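# Breakdown of the fold
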Amino acid sequence: MVSFKEIGLVNTREMFKKAVAGGYAIPAFNFNNMEQLQAIIMAAAETKSPVILQVSKGARNYANQTLLRYMAEGAVEYAKELGWEKPQIVLHLDHGDSFELCKSCVDMGFSSVMIDASSLPYEDNIALTKKVVDYAHQHDVTVEAELGVLAGVEDEVAAEESHYTRPEEVIDFATRTGCDSLAISIGTSHGAYKFKPEQCTRDPKTGRLVPPPLAFDVLHEIEKKLPGFPIVLHGSSSVPQNYVDIINANGGKLPDAVGIPEEQLREASKSAVCKINIDSDSRLAMTAAVRKVFAEKPGEFDPRKYLGPARDEMKKLYMDKIVNVLGSNGKA
Ligand code: 13P
């Protein structure tokens with residue numbers, strides 16, 4: 001058993017309070033390899049932004065749970081080396097699906113966990129979330145829960161249909177579970193194919209899909225019911241079309257990939273939404289950079305020569321999100 005405090009991490013409590021009051025959101029970036037982690041820490045250190053490092057169950061299976069946890073510990077030291085005196089870094093379990101998984105993360109030094117029991121019946125979601133909260137809070141670890149269902153595919157989480165969070169349930173849910181933040185469903189979705197073409201319109205000039213707008217009315221209803229309570233948006237990649245174009249021009253095939261427009265995320269950041277999850281955009285940045293190197297230099301076989309440019313591209317992306325979308329720069 002190791003406490004997150006011993007390894008220099010922080011939980012989300014103060015971070016979210018400030019973000020809600022200050023009208024900005026904290027970036028929650030997923031990582032499962034070294035280059036992603038370096039890029040996240042470089043971007044956060046350079047912009048002095050609090051940051052949430054997210055590890056999913058799939059990432060733990062891919063990279064090894066122990067290795068990822070020690071990488072996060074190393075990230076705190078690396079941030080200091082980069083001149084960030086008091087790094088505000090959270091290590092968070094993304095989409096925990098059982099009490100045992102959440103407990104194992106708490107016990108190995110995570111400072112925040114998500115229990116996603118949103119696919120269970122309402123009362124079962126409450127019971128499992130409360131069980132995780134009761135354990136995590138004994139160790140001062142904060143807990144994110146979810147109400148409502150997001151469509152899309154992400155690692156081991158998949159749902160065909162979404163249904164919006166019901167505002168009439170949120171007070172009861174938050175009170176009875178004691179969760180610290182709530183992920184809601186207002187039309188975001190996991191992955192690079194967030195919407196089917198039939199859900200979108202098409203821009204006649206560019207031929208690109210225009211997604212349906214997020215349900216801000218649902219968000220505002222929830223905010224009214226739970227004033228100041230930290231709200232989380234999953235599935236918030238914007239699927240930058242420049243990356244999609246580079247990928248498609250260099251042997252890739254991502255037809256009609258579409259994400260959440262950044263203006264809408266900017267608007268959400270000013271509300272009680274204080275954590276925005278971004279994973280797919282970093283995958284796209286990495287893939288675009290690697291494909292470009294492979295296409296331009298077919299003789300290249302030193303991984304540093306293609307993973308290095310991928311890291312640079314991800315850092316650029318993370319900085320852009322922090323400064324131009326979430327507004328969390330200078331807040332740590
Ligand atoms: P994206 O697939 O939109 O990046 O969402 C990631 C996410 O919500 C992780 O939980």
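Residues numbered from 1 in each chain as written. Predicted model: local features only at pLDDT ≥ 70, side-chain atom pairs only at ≥ 80, totals over all residues. Heavy atoms only, no water.

Bringing the packing of helix α2 (residues 34–47) against helix α12 (residues 303–326) into the picture now. Orientation of α2 relative to α12, taken along the N-to-C sense of each, is 40 degrees, at an axis distance of 8 Å. Between α2 and α12, the crossing angle belongs to the class labelled oblique. Note on packing geometry: the crossing formed by α2 with α12 is right-handed. Facing E35, Q36, Q38, A39, I40, M42, A43, A44, E46 and T47 of α2, the residues of α12 in contact are L307, R311, M314, K315, Y318, M319, I322 and V323. Of the residues assigned to the contact of α2 with α12, the class counts are 11 nonpolar, three polar and four charged. (Axes fitted to C-alpha atoms, helices over the stretch in contact; angles between N-to-C directions. Helix = DSSP H or I, 4+ residues; strand = E, 2+ residues; numbered from the N terminus. Parallel < 35°, antiparallel > 145°, perpendicular 65-115°, else oblique. Left-handed = near helix turned anticlockwise from the far one by under 90°. Contact = heavy atoms within 4.5 Å. Nonpolar A, V, L, I, M, F, W, Y, C, P; charged D, E, K, R; others polar.)

When you line up the elements, A59 lands in helix α3 (residues 57–63). We classify A59 as buried; its relative accessible area is 3%. Distance in space between the C-alpha atoms of A59 and S104 is 15 Å, their sequence separation being 45 residues. (Buried < 20%, exposed > 50% of the residue type's maximum accessible area, 1.4 Å probe, protein only.)

A word on helix α10 (residues 262–269). Among all positions in α10, only E262, Q264, L265, A268 and S269 are buried. An end-on view of α10 places all buried positions within 155 degrees of arc, on one side of the element. On the buried face of α10, the contacting elements are α8 (216–225), β12 (231–233), β13 (273–278) and α12. (Arc of directions from axis to C-beta.)

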